[in-house]
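# Observations on chain architecture
Single-letter residue listing:
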Amino acid sequence: MPASQVAIHKKAVKSSFESKESQWSSRIINLFFCALSILFIIPLLLVISISFTDEKTLLQSGYHLIPEKFSLEAYSLIFKSPGVLLNAYGITILVTVIGTVVGLFLTSLTAYTISRKDYRYRRIMTLYVFFTTLFSGGLVPFYIMITQYLHLKDTIWALIVPYLLNPFYILVMKGFMDKTPMEVIESGKIDGASEWRIFFIIVLPLTLPALVTIGLFISFQYWNDWWLGLLFIDNQHLIPLQLMLYRVMSTIEYLSNNISSVNVSVDMTQFPSLSARMAMAVLAAGPMMIVFPMLQRFFVSGLTVGSVKG
Amino acid sequence: MLKNEWRHFKRNRDLFVMSLPAIVYKLFLNYLPMIGLIIAFKQYRYDLGVFGSEWVGLKNFEFFFSSDTAFIVTRNTILYNLAFIVLTMVIALTFAILLNEISRKWIKVHQTVLFLPYFLSWVVVGYVVLAFLDHKNGFLNVILGMFGEEAIKWYEQAKYWPVIIIITQLWKSVGFSTLIYYAGLLSIDSSYYEAAKIDGANRWDMIRKITIPLLTPLIVILFIVDIGKIFRADFGLFYFIPNDSSFLYSTTDVIDTYVYRSLRVVGDIGMSTAIGLYQSVVGFIMVLLANWIVKKINSDNALW
Amino acid sequence: MKKQWFKVFAGVISLALILTACGGGAKEEKKAAEGSQNEELPPVELVWNFPLSAIPQDLATVQEAVNKITKEKINATVKLQAYTFADYNQKMNTVVASGENYDIAWVANWNWDYLQNQSKGAFLELDDLIQKQAPDLMKSMPDFVWDAAKIQGKIYAIPNYQTVTKKEGFVIQKRFADKYKLDVNSIKKFEDIEPFLKQIKEGESADVVPFLNDKTGRFSVMYQSQGLEALNNVVGVELQNPDKPMNLFETPQYKHYLDVMRDWYTKGYINENAATLKNKNDIISTGNAAVQFHSVLKPGGEMEAKAANGGNDVIYVPLTDAYASTGTVITTMQAISKNSKNPERAMMFINLLNTDKDLYNTICYGVEGKHYTKVSDNVIKVNKDAGYVPNANWVFGNTFNAYLVEGMDPAVMDQTKKENETATKSALMGFKFDNTPVLAEIANIATVIDQYQPALDTGTVDPNTMLKEFQDKLKQAGIDKVTAEMAKQIEAWKQTK
């Protein structure tokens, strides 16, 4: 039986019925989610609103959903020197793209092997992967490994390599791949396809929604990360976006806690105002908020195995 | 015997090669650095290094177990994690199933919105929560004022915080779990449902008999991973959301924040490694236990 | 097909081997042989770590300018490795714990702790190096500054000479002092300010905070006016009796402070959110903090305070004279790494930072014409948009060598110098507490303080109900052991003196 006979078709129908009753319940559910969405979005609107509020008003009368006194000051301040910001965007995008592509490949590859019930080393491999979610050597040995043995310090790879194989994503991916019917793989084997061919041609297309999901998660991890930059990047041209934001936030927090009784002078007025900090948060999260809905069409057209003919 | 094993190996060779990148990667990035765990039993001196430093036995664990707060923070950590595990699972699963019932057009909107909070760091979320709970200008107190109620000093009243913490955590993370379950739902073969429909099953039956059982492996994985982290807490959540207010420690202090505060002054990596190791060991035992139970019930769902 | 996979396999294995081999290579660390001074110095690169409020965008240009000077004078180039104040501790802890190479690092008692890192063996002993490479350095600062930097009789870091004293007192909004005709001479003790607070409470809007307090409380900034000196965060001595360390939270002064705070809090003089307030600058910057208590009322400080208070004029009302102790001196220093391959050259560089005006002003203000312009010989105007405004001369070296920034009072430097020299010196100058024997106790005490101090020190709770509990918890956490250890170490320290 040739592999092409394994019919793959678009998942046209879900579990829903076309009956009136189901339309009604669908509407109610929709309403429920609309209400929920509002609850979810209010805090975000608040962040955006703060970023557009005049700083003095903010300190005097607190936060409001609609800016009491509208001001573009925060954004104009950030965009005064757009070079640094754009550079940081560039780094973050580059890291996210490379990391997601390579990470997704390695994650699904590993997940595939441990999802294969006929793989002799499946259980031990699962434990080998899972064990790393529980135990870690701590920061210092990890730092020594990256900087002194792998020599990744101050390279873009230091921002990529550590997140390539997240055990949690491997396990979730395995969970998705568990559902791939063994018959499909067997039939591929009978056709004489190599394991790699089966993986690429048969298994990956079958798990597209899972790939998109895990791909999204990996990309978010890269996008949201400042920690690796903080540890491994001294070169100012390689600073990722979130690290810029983190530095501002943490410095304000640190100095306001530590400096008051020390006889050194730090000019606290030079720090970005609260509205500027929120503007940075908006700018840091913004692009992903746009990318996310775009990727969602892959969920909708998720492919699935209809039946195995033959 | 060895020869026998070699024969097995040869048969699994291709799959083994496929798992080789992960084996090498984990060896270098995770397993070799674990040698550093011996710092937990040493008085670490920079000039003597990991191997040269003096062994001190369990001395690095002392500070944690000698304080009477250890019990409270451990209790808080476990209870919060249990609440998160159960509530996230139930709510995310419900959301995912409900989302699967409505038209595709709307799913996009809802799922995006549910996911948005995930993009904000805890520090930023901390400001958002402050906007709601601030004593003077907070939304909640303004609303209470409209009803003629007295304003509440939220950051000084520990009793409200279990609820606040749980809501905040769910708000931020439920979209993430919903997405996982939703993707799991999508990969369920629709022929199952069609067959059930022919048999005259109603929707609830289908959820119970088809959806849940088919999602069980995924649920088990998420569950076991969470169990492994039951002694760890999300530092950002428990530090920035209560704003490190001293009035709230009885209900918001968890192992990670407690250790952070105790070691802020002394900054000893032997002591922090020691507590990390303790959390790992307990987590590992919990995971073994959970996996064992799952295996008893249905060995197919066990992780190993 | 088969062969291919073996190739991949072999490839991965050899990659792993290469990685291991690389690791082996990185281990070798040899100290450069000590060459004779008079010979031509071989070129070296030094790495210098220091923290700033923000990492300057145009650090590269400044590094180039710095290197031009150092290349010529000591045939060395310097890599300027700037971090933010918040990251510095974490970053440097990781660097030293992993044995990474660097030459010079900024160190202090409030960020990346000097004492702790020295006790873990991070720094090189500098006495000999100073003698050989920087004989003039000793004379550029008073002796007591050097004493303060010593740990068990040895110097491990060079202080950046600046204000090394403290002076406690009030910072008061001038407009309120004028309006209510505050007689500053009537204020001798901190509680003397109360009538003024009352006037403000009654006469001003609710937005104005009569007495600003935050979660750290104010007791820790009024030790001196209470006749105390703190040796760490819980143990201190009476100035009258510096041999006998005691629990600061058991003193009558602390009880008195709490009673006054409680009184003020219930009368509404203290901001209601004090016990949970982390960033008091949010209030200060609105200019609504009528009265604050500070421990560093330094010459010329009113200018800085004005900027911090949203441009409102403030007046200083000091309650004490200038006082210098170990803690007020070691707030900014440079140390040399034990792993440094070129400690001599590092020392020469530190020497230049403290003695070479040209180099020092380059690192402080950047390149002339680009980052600043000269107004007169010794006065400059900073170009705020040029990407280099560290605004922290005290991080880099001897601040008395710095150019004046336009608008600064030229007399301030001389006043500061004079105050440094004439300040009352602590009897325990140079004593440092090594907390290694009581680490567990210190860790537990830290969390007890975190739990009780904010509520008590701001007057939010009644000391009559909470103070006893606090003291008991401290005892339980082992404060007596810390006090005893302190006494022991003071005795030992006196022997070496």
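Residues numbered from 1 in each chain as written. Chains lettered and ligands numbered in written order. Predicted model: local features only at pLDDT ≥ 70, side-chain atom pairs only at ≥ 80, totals over all residues. Heavy atoms only, no water.

## Remarks on the overall build of chain C
Helix and strand counts for chain C come out as 18 helices and 19 strands. The C-alpha atoms of chain C give 26 Å as radius of gyration, which agrees with the globular expectation for 497 residues (23 Å, within 12%). Considering only C-alpha atoms, chain C reaches an extent of 85 × 65 × 60 Å along its principal axes. Counting the 497 residues in chain C, one finds 59% classified as buried. The long-range fraction of contacts in chain C, counting pairs at least 24 apart against all pairs at least 6 apart in sequence, stands at 76%. Roughly 20200 Å² of accessible area belongs to chain C as shown, and the carbon and sulfur atoms make up 51% of that amount. If you average the places of the 55 positive and of the 62 negative side-chain charges in chain C, the two averages end up 4 Å apart. (Helix = DSSP H or I, 4+ residues; strand = E, 2+ residues; numbered from the N terminus. Rg over C-alpha atoms; globule rule 2.2 N^0.38 Å. Buried < 20%, exposed > 50% of the residue type's maximum accessible area, 1.4 Å probe, protein only. Contact = heavy atoms within 4.5 Å. Areas by Shrake-Rupley, 256 points an atom, 1.4 Å probe, with all protein chains shown as cover. Lys, Arg positive; Asp, Glu negative; His and termini not counted. Charge placed at Lys NZ, Arg CZ, Asp CG, Glu CD.)

## Structural notes on the overall build of chain A
Scanning chain A for helices and strands turns up 15 helices and two strands. When burial is assessed residue by residue, chain A has 59% of its 310 residues classed as buried. Across chain A, the fraction of contacts at a sequence separation of at least 24, relative to all contacts at a separation of at least 6, is 75%. On chain A, roughly 12300 Å² of surface is accessible, and the fraction owed to carbon and sulfur atoms is 68%.

## Thoughts on the interface of chain A and chain B
Tallying the contact residues gives 98 residues for chain A and 99 residues for chain B. For the chain A and chain B pair, buried surface summed over both sides reaches about 9600 Å², with 72% attributable to carbon and sulfur atoms. Between the two partners, chain A and chain B, sit one salt bridge. Salt-bridge contacts for E5 of chain B lead to R120 of chain A; the nearest nitrogen and oxygen are separated by 2.9 Å. Among the elements that line the side of chain A that touches chain B, the one with the most residues is helix α1 (residues 20-51) of chain A, at 18 residues. Across the side of chain A that touches chain B, the residue classes break down as 64 nonpolar, 23 polar and 11 charged. (Buried area = accessible area lost by both parts, 1.4 Å probe. Salt bridge = Lys/Arg side-chain N within 4 Å of Asp/Glu carboxyl O. Nonpolar A, V, L, I, M, F, W, Y, C, P; charged D, E, K, R; others polar.)

## Observations concerning the packing of helix α4 (residues 82-115) of chain A against helix α8 (residues 167-177) of chain A
Residue and element names in this part refer to chain A. Running from N to C, α4 and α8 cross one another at 55°; their axes reach a closest spacing of 8 Å. Put simply, α4 runs oblique to α8. Along this stretch, α4 crosses α8, giving a crossing that reads as right-handed. Across from T107, S108, T110, A111, Y112, I114 and S115 in α4, the residues of α8 making contact are Y169, I170, L171, M173, K174 and M177. (Axes fitted to C-alpha atoms, helices over the stretch in contact; angles between N-to-C directions. Parallel < 35°, antiparallel > 145°, perpendicular 65-115°, else oblique. Left-handed = near helix turned anticlockwise from the far one by under 90°.)

## Concerning helix α15 (residues 411-422) of chain C
Over its 12 residues, α15 of chain C runs 16 Å from end to end, which matches the ideal 16 Å to within 8%, given 1.5 Å per residue. Structurally, α15 of chain C contributes buried residues whose contacts are with α6 (143-149) and β19 (424-425) of chain C. (Expected span 1.5 Å × (residues − 1).)

## Concerning the UniProt feature "domain: DUF3502" (unreviewed entry) in chain C
Cross-referencing UniProt, the feature "domain: DUF3502" (unreviewed entry) maps to residues 428-494 of chain C in the present numbering. In this annotation, residues 428-494 of chain C is assigned 75% helix and 0% strand; the end-to-end C-alpha distance for the span is 9 Å. (UniProt positions renumbered as here; feature names shortened; annotations may be inferred.)

## Structural notes on the side chain of D253 of chain B
Residue and element names in this part refer to chain B. You can see D253 is positioned in the loop between α13 (249-252) and α14 (255-266). Overall, the relative accessible area of 4% leaves D253 in the buried class. Once residues lying within four places of it in the same chain are set aside, the contact partners of D253 are V73, N76, L248, Y258 and R261.

## Points about empty space enclosed by the protein
To find leftover empty space, one rolls a probe the size of a water molecule over the atoms. Residue and element names in this part refer to chain A. The final tally for this structure, using the stated rule, is seven cavities of 30 Å³ or more. Approximately 70 Å³ is the volume found for the largest cavity. Around the largest cavity, the lining residues are T92, V95, L159, Y163, Y222, W223, D225, L228 and P240. Within the residue set of the lining of the largest cavity, elements represented by two or more residues are α4 and α11 (208-224). (1 Å grid on protein atoms, 1.4 Å probe; cavity = no way out; pocket = protein on both sides within 12 Å on 5 of 7 lines; lining within 4 Å. Points joined across faces, edges and corners; volume = space filled by probe spheres on them.)

## Notes on the interface of chain C and chain B
At the interface, 43 residues of chain C touch 40 residues of chain B. Around 3500 Å² of area is buried between chain C and chain B when both sides are counted, 56% of it from carbon and sulfur atoms. Broken down residue by residue, the surface that chain C buries against chain B is led by K120, T276 and D450 of chain C, which jointly contribute 18%. Here chain C is connected to chain B by seven salt bridges. For the salt bridge of D244 of chain B with K215 of chain C, the shortest nitrogen-to-oxygen distance reads 3.6 Å. Seen at the junction of chain C and chain B, the total is 15 residue pairs in polar contact (both at pLDDT 80 or more). Looking at the side of chain C that touches chain B, the elements that each hand over two or more residues are α1 (2-26), α3 (85-97), α4 (114-119), α16 (439-457) and α17 (463-477) of chain C. Sort the elements by how many residues they give to the side of chain C that touches chain B and α16 of chain C lands first, with 11 residues. For the side of chain C that touches chain B, the class distribution of residues is 19 nonpolar, 15 polar and nine charged. (Polar contact = N/O pair within 3.5 Å; in protein donor to acceptor, adjacent residues only side chain to side chain.)

## With respect to the confidence of the model for chain C
Residues and elements named next belong to chain C. Summarising the model, chain C shows a mean pLDDT of 89, and 92% of its residues fall at 70 or more. Counting contacts from residues 1-38, a segment whose pLDDT is below 50, to residues more than four positions away or on other chains yields 36 contacts. For this predicted complex, the interface score ipTM comes out at 0.90, alongside a pTM of 0.88. (pLDDT = per-residue confidence, 0-100.)

## Section: the pairing of strand β15 (residues 333-336) of chain C
Residue and element names in this part refer to chain C. In β15, alternate side chains face the same way, and those of M333 and A335 on one face and Q334 and I336 on the other are all buried. Across four bridges, strand β3 (residues 104-107) lies against β15 in antiparallel orientation. Opposite I104, over in β15, you have I336 as the bridge partner. As defined by bridge partners, strand β6 (residues 157-159) adjoins β15 across three bridges and the pair is classed as antiparallel. Within β15, the position partnered with P159 by the bridge is M333. (Pairing = 2+ DSSP bridges.)

## What to know about the packing of helix α4 (residues 59-66) of chain B against helix α15 (residues 269-297) of chain B
Residues and elements named next belong to chain B. Where α4 contacts α15, the two axes come as close as 8 Å, and the packing angle between them is 70°. Overall, the two elements α4 and α15 adopt an arrangement that is roughly perpendicular. For the pair α4 and α15, the crossing hand works out as right-handed. Note on element contacts: α15 touches α4 through G270, M271, A274, I275, L277 and Y278, opposite N60, F61, F63, F64 and F65. Considered class by class, the residues forming the contact of α4 with α15 number nine nonpolar, two polar and no charged.

## Topic: the environment of K338 of chain C
By the secondary structure assignment, K338 of chain C is in the loop between β15 and α13 (343-355). Accessibility expressed as a relative area gives 31% for K338 of chain C, which makes it partly exposed. The spacing of K338 of chain C and G310 of chain C is 28 residues in sequence and 45 Å in space, taken between C-alpha atoms. Among the polar contacts made by the side chain of K338 of chain C, one reaches the side chain of D47 of chain B at a distance of 3.0 Å.

## Some remarks on the UniProt feature "transmembrane region" (unreviewed entry) in chain A
Within this structure's numbering, the places UniProt gives as "transmembrane region" (unreviewed entry) are residues 28-52, 88-112, 124-144, 156-177, 198-220 and 278-299 of chain A. Between the C-alpha atoms that bound residues 28-52 of chain A the distance is 36 Å, and the span itself is 96% helix and 0% strand.

## Examining the side chain of Q162 of chain C
Turning to its location among the elements, Q162 of chain C is positioned in the loop between β6 and β7 (169-173). We classify Q162 of chain C as buried; its relative accessible area is 5%. Here T331 of chain C takes part through its side chain, which lies 3.5 Å from a polar atom of the side chain of Q162 of chain C. Excluding its chain neighbours within four sequence positions, the residues that come into contact with Q162 of chain C are N263 and V264 of chain A together with T331, T332, W394, T399, F400 and N420 of chain C.

## Some words on the pattern of salt bridges
By the definition in use, this model includes 46 salt bridges over all chains. Two residues, D450 of chain C and R264 of chain B, come together in a salt bridge whose shortest N-O distance is 3.0 Å. Here D450 of chain C is found in helix α16, whereas its partner R264 of chain B is found in helix α14 on a different chain. Take R264 of chain B: its relative accessible area is 40%, and that puts it in the partly exposed class. Members of the salt-bridge network, linked through shared partners, are R116, D118, K189 and E195 of chain A.

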